[in-house]
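Spelled out, the chains give:
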Amino acid sequence: MTGEYRLTVPRDFLCPITREIMEDPVVLIEDGRSYELYAIERWLRDNNTSPMTNKPLTDRRYIPNFNLKNAIEEFCAQQELISATNRFLSFNIHYGRIPTEWEEKPMLKIRISLLGGSNVGKTTLARYLQYGEKANFVHLRSTSTIGPDLIFFYLDQLYEDRYVIIIQLTDIPGMERYESCCDNHFRSCHGALLITDSTDIDTLERIELYWYEQLHTKGKEHVETTLVCNKIDLFEENCDDTYRSIYLERAEHFSSSHSMTICHVSALRGDNIQVMFKQLILRILQNKTLLKQITTNNDLIYDTSSTKKDKMQKTSTIQLLNSRTSRQIDISRNSPINCCKYF
Ligand SMILES: Nc1nc2c(ncn2[C@@H]2O[C@H](COP(=O)(O)OP(=O)(O)OP(=O)(O)O)[C@@H](O)[C@H]2O)c(=O)[nH]1
Ligand SMILES: [Mg+2]
């Protein structure tokens, strides 16, 4: 996703004998230069000169250089952090069982809600993220979602080299008669995809007038949002120029006036789906307020008692484990296999 970034090693951190970063730097008193301890010891066994000046030594003593050691340790810690960030940025979103070696690691859960009217493509989008191109071969009953479906994913890179990131995706029913059951998901989500069908400008209006308003009245103050213009395949093929420019202008105006990202996708073909999710996840993790909630308040939204918390934390894993075995079964739109019963 991004190129590898590394800090330049200051020359003073390198031992003049080994040309490597020092772990135990010592100062040779006579020439005032720092060397790696084992390297200067070896040098002085065979030589009676300064490795740097080549002049004969009258004083062969050396003392630890604590200041340099501290500076090198700080540099290495910073470099390690950068390397961990570089590794993390190459993450992909996965559906299925988390690697066994991660099962005991601490988990952070990010909640993302799919919001938008009926038929805009929320379930199709979630299915694409689950199954990729195979999504089109998974048997789906062509019914609308009737209860919020929770689907769990994990990122295949550890965050800060230690946290497993679990993504809880909520696929909300878009039909108006189910709207009242969505309040919990407005309140708890850290990020939301506001989805429109780009071939139907009324779905954009519904986002402006209802879904966005609900999210901002009931949701977290700092929730990260993306305006999703779905069905670009149909938009490009079937819509005339006049309609397209009206729709695009309105979508861009809405997104820029609310400082949200806009993304053109096709949930059916999978265009831009992974990229869009990756961008949203990174924005959530870069949002200090949300990150604090995710790291300190993870899973405490419904119940603060430790027993319930433990149970909920395990749920993510359990759900991921179950999802592997249930994948080949008939996967209807509203199949409970993706619903986590504890929430
Ligand atoms: N051509 C095309 N069709 C799409 C796309 N996304 C979704 N669809 C179709 O749109 C219809 C509705 O998609 P759903 O994913 O069920 O819509 P939904 O938003 O989940 O609807 P509700 O569950 O009622 O809220 C289905 O027939 C999908 O195949 C897309 O990007 N391109
Ligand atoms: Mg649906």
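In this text, all values refer to a predicted model and were calculated from it rather than measured experimentally.

> Would you mind going over the overall build of the protein chain with me for this structure?
When its secondary structure is counted, the protein chain shows ten helices and ten strands. The buried share among the 343 residues of the protein chain stands at 31%. The long-range fraction of contacts in the protein chain, counting pairs at least 24 apart against all pairs at least 6 apart in sequence, stands at 74%.

> Please explain the packing of helix α5 (residues 201-218) against helix α7 (residues 241-257) as it appears in this structure.
In a packed pair of helices, the relevant descriptors are the angle between the two axes and the axis-to-axis distance. Running from amino to carboxyl end, α5 crosses α7 at an angle of 15°, the nearest separation of the two axes being 10 Å. The orientation of α5 relative to α7 falls into the category roughly parallel. Two packed elements cross with a definite hand, and for α5 against α7 that hand is left-handed. Seen from α5, the contacting residues are Ile201, Leu204 and Glu208; seen from α7, they are Ile246, Tyr247, Arg250, Ala251 and Phe254.

> Explain unusual backbone geometry to me, please; I cannot follow it from the model alone.
Both trends apply: most residues other than glycine have a negative phi, and most peptide bonds are in trans. Located in the positive-phi region is Glu160, a residue other than glycine, with phi close to 50°. Structurally, Glu160 can be placed in the loop between β6 (149-155) and β7 (164-171).

> Would you take a moment to explain the sheet that holds strand β9 (residues 224-230) for this structure?
Paired through backbone hydrogen bonds, the strands of a sheet run either parallel or antiparallel to each other. Reading across the sheet, the seven strands line up as β4-β6-β7-β5-β8-β9-β10 and stay open at both edges, with mixed pairing between neighbours. A strand with exactly one partner marks an edge of an open sheet, and here the two such strands are β4 (93-94) and β10 (261-264). Pairing analysis gives seven bridges linking strand β8 (residues 191-197) to β9, with the strands arranged parallel. Across the sheet, residue Leu194 finds its bridge partner in β9, namely Leu227. On the sheet, helix α8 (residues 273-286) packs against β4, β5 (107-115), β7, β8, β9 and β10 and is oriented at approximately 170° with respect to β9.

> It is not clear to me how the environment of Thr85 should be interpreted in this structure. Could you clarify?
With respect to the helices and strands, Thr85 occurs in helix α2 (residues 66-89). Measuring from C-alpha to C-alpha, the distance between Thr85 and Leu158 comes to 9.3 Å, with 73 residues separating the pair along the chain.

> I would appreciate a short explanation of the environment of Leu125 in the present structure.
Note that Leu125 resides in helix α3 (residues 122-131). With 70 residues separating them in the primary sequence, Leu125 and Ile195 have C-alpha atoms 9.7 Å apart. Setting aside residues no more than four positions away along its own chain, Leu125 makes contact with Leu114, Ile195, Asn230, Ala267 and Ile273.

> Where do I start with the nonpolar core in this structure?
The nonpolar side chains of a soluble globular protein tend to be buried with one another. Grouped together as the largest cluster of nonpolar side chains are 54 residues, with contacts concentrated most on Leu115, Ile165, Ile167, Leu193 and Leu194. Per-element accounting of this core gives the leading share, six residues, to α8. What Leu193 contacts, discounting residues up to four positions off in sequence, is Ile112, Leu114, Leu115, Thr226, Val228 and Leu280.

> Help me understand the sheet that holds strand β1 (residues 25-28) in this model?
An order of β2-β1-β3 is seen for the three strands of this open sheet, with the pairing classed as antiparallel. The sheet is open, and its two edges are formed by β2 (34-36) and β3 (62-64), each paired on a single side. Across the sheet, the axes of successive neighbouring strands diverge by a mean angle of 40°, strand direction being ignored.

> Quick question: what am I supposed to make of the environment of Leu14 here?
Summarising the element assignment, Leu14 is placed in the segment before β1. Residue classification places Leu14 among the partly exposed residues on the basis of 16 C-beta atoms within 10 Å. In this structure, Leu14 is in contact with Val9, Arg19, Glu20 and Ile21, ignoring residues within four places of it in sequence.

> Can you walk me through α8 in this structure?
An α-helical segment advances 3.6 residues per turn. Residues three or four places apart therefore align on the same side. With 14 residues, α8 ought to run about 20 Å at 1.5 Å a step, and its terminal C-alpha atoms sit 20 Å apart, in line with that. Burial in α8 covers these residues: Ile273, Phe277, Leu280, Ile281, Ile284 and Leu285. An end-on view of α8 places all buried positions within 135° of arc, on one side of the element. Opposite the buried face of α8, at more than 90 degrees from it, the exposed residues are Val275 and Gln286.

> What should I look at first to understand the pairing of β9 in this one?
Within a regular strand, side chains alternate between the sheet's two faces. Most of β9 sits inside the fold, with seven of its seven residues counted as buried. Side chains Glu224, Thr226, Val228 and Asn230 of β9 all project onto a buried face; the interleaved residues Thr225, Leu227 and Cys229 project onto the opposite face, where all are buried too. Traced from β8 through α5 to β9, the parallel crossover comes out right-handed. Two elements, β9 and β10, share four bridges in a ladder whose sense is parallel.

> Explain the confidence of the model for the protein chain to me, please; I cannot follow it from the model alone.
Parts of the prediction with low pLDDT should not have their coordinates interpreted in detail. The predicted model of the protein chain has a mean per-residue pLDDT of 82, with 80% of residues at 70 or higher. Considering only residues more than four positions removed or in separate chains, one finds that residues 299-343, a stretch of pLDDT under 50, has 58 contacts.

Thresholds applied
- Residues take numbers from 1 onward in each chain, read along the sequence in its written order.
- Naming scheme: in the order in which they are written, chains are lettered from A and ligands are numbered from 1.
- Selection of residues for local features in this predicted model requires a pLDDT of at least 70, selection of side-chain atom pairs for listing and counting requires 80 or more, and totals for whole chains, interfaces and linings are taken over all residues.
- Strands here mean DSSP runs of E at least two residues long; helices mean DSSP runs of H or I at least four residues long; both are numbered from the N terminus.
- Burial is judged by counting other C-beta atoms within 10 Å of a residue's own C-beta: 20 or more means buried, 12 or fewer means exposed, and anything between counts as partly exposed, with every C-beta placed from the backbone.
- Note that contacts rest on C-beta atoms placed from the backbone: two residues are in contact if these are within 7 Å.
- Geometry is summarised by axes, namely lines fitted to C-alpha atoms with helices restricted to the contacting stretch, and by angles between N-to-C directions that run from 0 to 180 degrees.
- For classification purposes, angles smaller than 35 degrees are called roughly parallel, those larger than 145 roughly antiparallel, those between 65 and 115 roughly perpendicular, and all remaining angles oblique.
- It is the rotation of the near helix from the far one that decides the hand of a crossing: anticlockwise by less than a right angle makes it left-handed, clockwise makes it right-handed.
- Paired strands, as defined in this entry, are two strands with at least two bridges between them according to DSSP.
- By convention in this section, buried Ala, Val, Leu, Ile, Met, Phe, Trp, Tyr and Cys residues joined through C-beta atoms within 7 Å make up a nonpolar core.
- By this rule the span expected of a helix is its residue count minus one, scaled by 1.5 Å.
- Directions pointing from the helix axis toward each C-beta atom define the arc.
- Classification remark: right-handed applies to a crossover when, strands pointing away from the viewer, the course from the first strand over the helix to the second runs clockwise.
- The predictor rates its confidence in each residue with pLDDT, a number between 0 and 100.

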